Amino acid sequence: MSALTEDLAGLVDAVVRPLVEVEEELDITAEETEDGVVLVEIHVSEGDVGKVIGRQGRVIKAIRTLARAAASREGKQVEVELAE
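None of the values given here were measured: they were computed from a predicted structure.

### Considerations on the sheet that holds strand E2 (residues 38-43)
Spatially, E1-E2-E3 is the arrangement adopted by the three strands of the open sheet, whose pairing is mixed. Edge positions in the open sheet fall to strand E1 (27-32) and strand E3 (78-83), since each of these has one partner strand only. The sheet shows a mean angle of 15 degrees between the axes of neighbouring strands, direction not considered. Pairing geometry for E2 and E3, over six bridges, is parallel.

### What about the pairing of E1?
Bridge count between E1 and E2: six bridges; the pairing is antiparallel. Looking at E2, one finds that Ala-30 is bridged to Val-40.

### A closer look at a negative patch on the surface
Together, Glu-24, Glu-25, Glu-46 and Glu-84 give the surface a local cluster of negative charge. Along the chain, the position of Glu-24 falls in the loop between helix H1 (3-16) and E1. Using a relative accessible area of 71% as the deciding quantity, one classes Glu-24 as exposed.

### What to know about unusual backbone geometry
One non-glycine residue with positive phi stands out, namely Gln-56, at about 55 degrees. Structurally, Gln-56 can be placed in the loop between helix H2 (49-53) and helix H3 (58-72). For Gln-56, a relative accessible area of 68% translates into the label exposed.

### So, the nonpolar core
Core analysis: the largest hydrophobic core is formed by 22 residues, its most contacted members being Val-16, Val-40, Ile-42, Val-44 and Val-52. Among the elements of the structure, H1, E1, E2, H2, H3 and E3 are those that each provide at least two residues to this core. Top element by residues in this core is H1. It accounts for five residues. Not counting chain neighbours up to four residues away, the residues in contact with Val-40 comprise Leu-8, Val-12, Ile-28, Thr-29, Ala-30, Val-78, Glu-79, Val-80 and Glu-81.

### Here we look at the environment of Asp-35
For Asp-35, the position within the fold is in the loop between E1 and E2. Accessibility expressed as a relative area gives 62% for Asp-35, which makes it exposed. In this structure the C-alpha to C-alpha distance between Asp-35 and Asp-13, which are 22 residues apart in sequence, comes to 24 Å. Separated by 2.4 Å, the side chains of Asp-35 and Thr-33 make a polar contact.

Definitions and cut-offs
- Residues numbered from 1 in each chain as written.
- Predicted model: local features only at pLDDT ≥ 70, side-chain atom pairs only at ≥ 80, totals over all residues.
- Heavy atoms only, no water.
- Pairing = 2+ DSSP bridges.
- Helix = DSSP H or I, 4+ residues; strand = E, 2+ residues; numbered from the N terminus.
- Axes fitted to C-alpha atoms, helices over the stretch in contact; angles between N-to-C directions.
- Patch = residues over 30% accessible without salt bridge, like charges linked within 9 Å, V, L, I, M, F, W, Y side chains within 5 Å.
- Areas by Shrake-Rupley, 256 points an atom, 1.4 Å probe, with all protein chains shown as cover.
- Salt bridge = Lys/Arg side-chain N within 4 Å of Asp/Glu carboxyl O.
- Lys, Arg positive; Asp, Glu negative; His and termini not counted.
- Charge placed at Lys NZ, Arg CZ, Asp CG, Glu CD.
- Buried < 20%, exposed > 50% of the residue type's maximum accessible area, 1.4 Å probe, protein only.
- Core = buried A, V, L, I, M, F, W, Y, C linked by side-chain atoms within 4.5 Å.
- Contact = heavy atoms within 4.5 Å.
- Polar contact = N/O pair within 3.5 Å; in protein donor to acceptor, adjacent residues only side chain to side chain.

Function-wise, these values are silent; they only describe arrangement.
Here it is in structure tokens:
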């Protein structure tokens, strides 16, 4: 895993961890796809999904915006997905 991929996973973890109640079920994975896009997947318990999404999707949109801004400094693209 490249340094950027690890940094993006750490950034997403730092934002999501305070939102969830069941930290044991929080799992964030990041990998670079064949086409060079960094894919960050967030796995949380069913009860915490709504907290990560937020009202009208505002929280997950903000997380995606932060990740894209961080990745753009390196000229990379990133996708943040909430896996259920």
